[in-house]
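Next come the chains, spelled out residue by residue.
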Amino acid sequence: MYIIEKITELTWEKKSKNYLTSVVLFFLAGLCEIGGGYLVWLWLREDFSFVLGAVGGFILFLYGIVPTFQKIHFHRVYAAYGGVFTVMAILWGWLIDEVQPDNFDIIGTIIAVIGVLVIFYYPRKGEKVWSK
Amino acid sequence: MVEIVLSTLSVFFFASLLEISGGYLVWRWLRNHKGKIFGLVGGLVLFSYGMIMTLQPENFGKVYATYGGIFVVSSIIWGYWVDKKRPDRFEIIGSGIVLIGIAVMFYFPR
């Protein structure tokens, strides 16, 4: 319950705009990182042309640019990004690479996300999640 | 089994080192107004991160999903080393849970 209150409180905080921008940027970063990585993967693992790999490398470079727009820099935020990244990667593998995740992939992902939630949302005394 | 775990974990952590340092170089270029050479080298390092990831002996989705968990742990370590933020109890417990999750995903024998 405390967690829900905390989230609600955060959503209504003035910083909620920063929060939204930050989430969108992380999503975009994840998309570039996974998408770019996927093109490099197609080049080296699936024998697609080098051109595809080079485009992938460029998208990875763009991925490097995205976080420079982030206003919030906090190692815990990056930890949360790792959790989002895991879910996005499983979905990418499933929907785009067309390899269905098995039960252990799904269970593992759920456990990892629980770990990230503990890192990110477990309430600490006298500390705001979105400290600068 | 032990050798596979060690070699794949080394590749994962090496990849995260490349990712974080490549991103850091791009950051220096754009945010600290260092020369374009920082951006260029950063881009190449990020490219090599993508290449290193293809060394993992699994399918794409599983490799990248597992890497996400490695990245969580790397961020906490990074926070400790660079930002001098000692991980608190829940960061350590949470990292442990994340490691269990990726162990189930990547290393559980099928």
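Details of the structure are given in the entry above.
Once that is clear, we can look at the overall build of chain B. Assigned secondary structure in chain B consists of four helices and zero strands. Listed by position from the N terminus, the elements making up chain B come as α-α-α-α. If you line up chain B on its principal axes, its C-alpha atoms span 50 × 35 × 20 Å. Per-residue burial over chain B gives 47% buried out of 110 residues. Put simply, of all contacts in chain B between residues at least 6 apart along the chain, 62% involve residues at least 24 apart. Per element, the accessible surface of chain B, about 5,600 Å² overall, is 72% carbon and sulfur.

Residues and elements named next belong to chain A. Residues Val87, Leu91, Trp94, Leu95, Ile96, Ile106, Ile110 and Ile114 make up a contiguous nonpolar surface patch of about 700 Å² in total accessible area. Sorting the residues of the nonpolar patch by element identifies helix H4 (75–95) and helix H5 (103–121) as the ones contributing at least two each. Of all the elements, H4 adds the most residues to the nonpolar patch, at four residues. With respect to the element layout, isoleucine 106 can be found in helix H5.

So, on to the interface of chain A and chain B. On the side of chain B, 47 residues touch chain A, which itself brings 53 residues to the contact. Interface area, chain A with chain B, both sides summed: about 4,100 Å², of which 75% is carbon and sulfur. Counting across the chain A and chain B interface gives six salt bridges. Note that A:Arg124 is salt-bridged to B:Asp88, the shortest N-O span being 2.7 Å. Counting the contacts that link chain A with chain B gives 13 residue pairs in polar contact (both at pLDDT 80 or more). Counting only elements with at least two residues in the side of chain A that touches chain B, the list comes to helix H2 (16–45), helix H3 (50–65), H4 and H5 of chain A. Among the elements that take part in the side of chain A that touches chain B, H4(A) stands out by supplying 13 residues, more than any other.

The phi torsion of most residues other than glycine is negative, and most of the peptide bonds are trans. Residue and element names in this part refer to chain A. Positioned with a positive phi, aspartate 47 is a non-glycine residue whose angle comes to about 60 degrees. The residue aspartate 47 is located in the loop between H2 and H3 in this model. When its relative accessible area of 69% is taken as the criterion, aspartate 47 is described as exposed.

The next subject is the packing of H3(A) against helix H1 (residues 2–31) of chain B. Look at H3(A) against H1(B): their axes get within 8 Å of each other, and the N-to-C directions meet at 65 degrees. You can see that H3(A) and H1(B) cross each other, and the crossing is right-handed. Every residue of H1(B) that contacts H3(A) at A:Phe61, A:Tyr63, A:Gly64 and A:Ile65 is listed here: B:Glu19, B:Val26, B:Trp29 and B:Leu30. In the contact of H3(A) with H1(B), the residues fall into six nonpolar, one polar and one charged.

With that out of the way, let us pick up the pattern of salt bridges. Oppositely charged side chains can form a pair if their charged atoms are brought close together. Overall, the coordinates contain seven salt bridges over all chains when judged by the stated rule. Measuring nitrogen to oxygen at the nearest pair gives 3.5 Å for the salt bridge that ties B:Asp88 to A:Arg76. Here B:Asp88 is found in the loop between helix H3 (60–81) and helix H4 (89–107), whereas its partner A:Arg76 is found in helix H4 on a different chain. For B:Asp88, a relative accessible area of 21% puts it in the partly exposed group. When salt bridges that share partners are traced, they join A:Asp102, A:Asp105, B:Glu58, B:Lys62 and B:Arg110 into one network.

What follows deals with the nonpolar core. Ranked by size, the top nonpolar core spans 58 residues in total, and within it A:Ile34, B:Tyr49, B:Tyr64 and B:Tyr67 carry the most contacts. Of all the secondary structure elements, the ones that give two or more residues to this core are H2, H3, H4 and H5 of chain A together with H1, helix H2 (36–53), H3 and H4 of chain B. When residues in this core are grouped by element, the largest group, 11 residues, is from H2(A). The contacts of B:Tyr49, once residues within four sequence positions are left out, are A:Glu33, A:Leu60, A:Phe85, B:Ala15, B:Leu18, B:Glu19, B:Tyr64 and B:Tyr67.

What follows covers H3(B). The first and last C-alpha atoms of H3(B) sit 30 Å apart over 22 residues, in line with the 32 Å expected at 1.5 Å per residue. In terms of burial, H3(B) is largely enclosed, as 18 of its 22 residues are buried.

Right, let's get into the packing of aromatic side chains. Residues and elements named next belong to chain B. Scanning all chains against the criterion turns up 22 aromatic pairs over all chains. When the centroid spacing of 5.5 Å and the interplanar angle of 45 degrees are considered together, the rings of tyrosine 49 and tyrosine 67 count as tilted. Remark: tyrosine 67 occurs in helix H3 and tyrosine 49 occurs in helix H2; sequence separation between them is 18 residues. Taking relative accessible area as the criterion, tyrosine 67 reaches 1% and is therefore assigned buried.

The rules we used
- Residues numbered from 1 in each chain as written.
- Chains lettered and ligands numbered in written order.
- Predicted model: local features only at pLDDT ≥ 70, side-chain atom pairs only at ≥ 80, totals over all residues.
- Heavy atoms only, no water.
- Helix = DSSP H or I, 4+ residues; strand = E, 2+ residues; numbered from the N terminus.
- Buried < 20%, exposed > 50% of the residue type's maximum accessible area, 1.4 Å probe, protein only.
- Contact = heavy atoms within 4.5 Å.
- Areas by Shrake-Rupley, 256 points an atom, 1.4 Å probe, with all protein chains shown as cover.
- Patch = residues over 30% accessible without salt bridge, like charges linked within 9 Å, V, L, I, M, F, W, Y side chains within 5 Å.
- Salt bridge = Lys/Arg side-chain N within 4 Å of Asp/Glu carboxyl O.
- Buried area = accessible area lost by both parts, 1.4 Å probe.
- Polar contact = N/O pair within 3.5 Å; in protein donor to acceptor, adjacent residues only side chain to side chain.
- Axes fitted to C-alpha atoms, helices over the stretch in contact; angles between N-to-C directions.
- Left-handed = near helix turned anticlockwise from the far one by under 90°.
- Nonpolar A, V, L, I, M, F, W, Y, C, P; charged D, E, K, R; others polar.
- Core = buried A, V, L, I, M, F, W, Y, C linked by side-chain atoms within 4.5 Å.
- Expected span 1.5 Å × (residues − 1).
- Phe/Tyr/Trp six-rings, centres within 6.5 Å; stacked < 30°, edge-to-face > 60°.

Any functional reading would require information that these geometric values do not contain.
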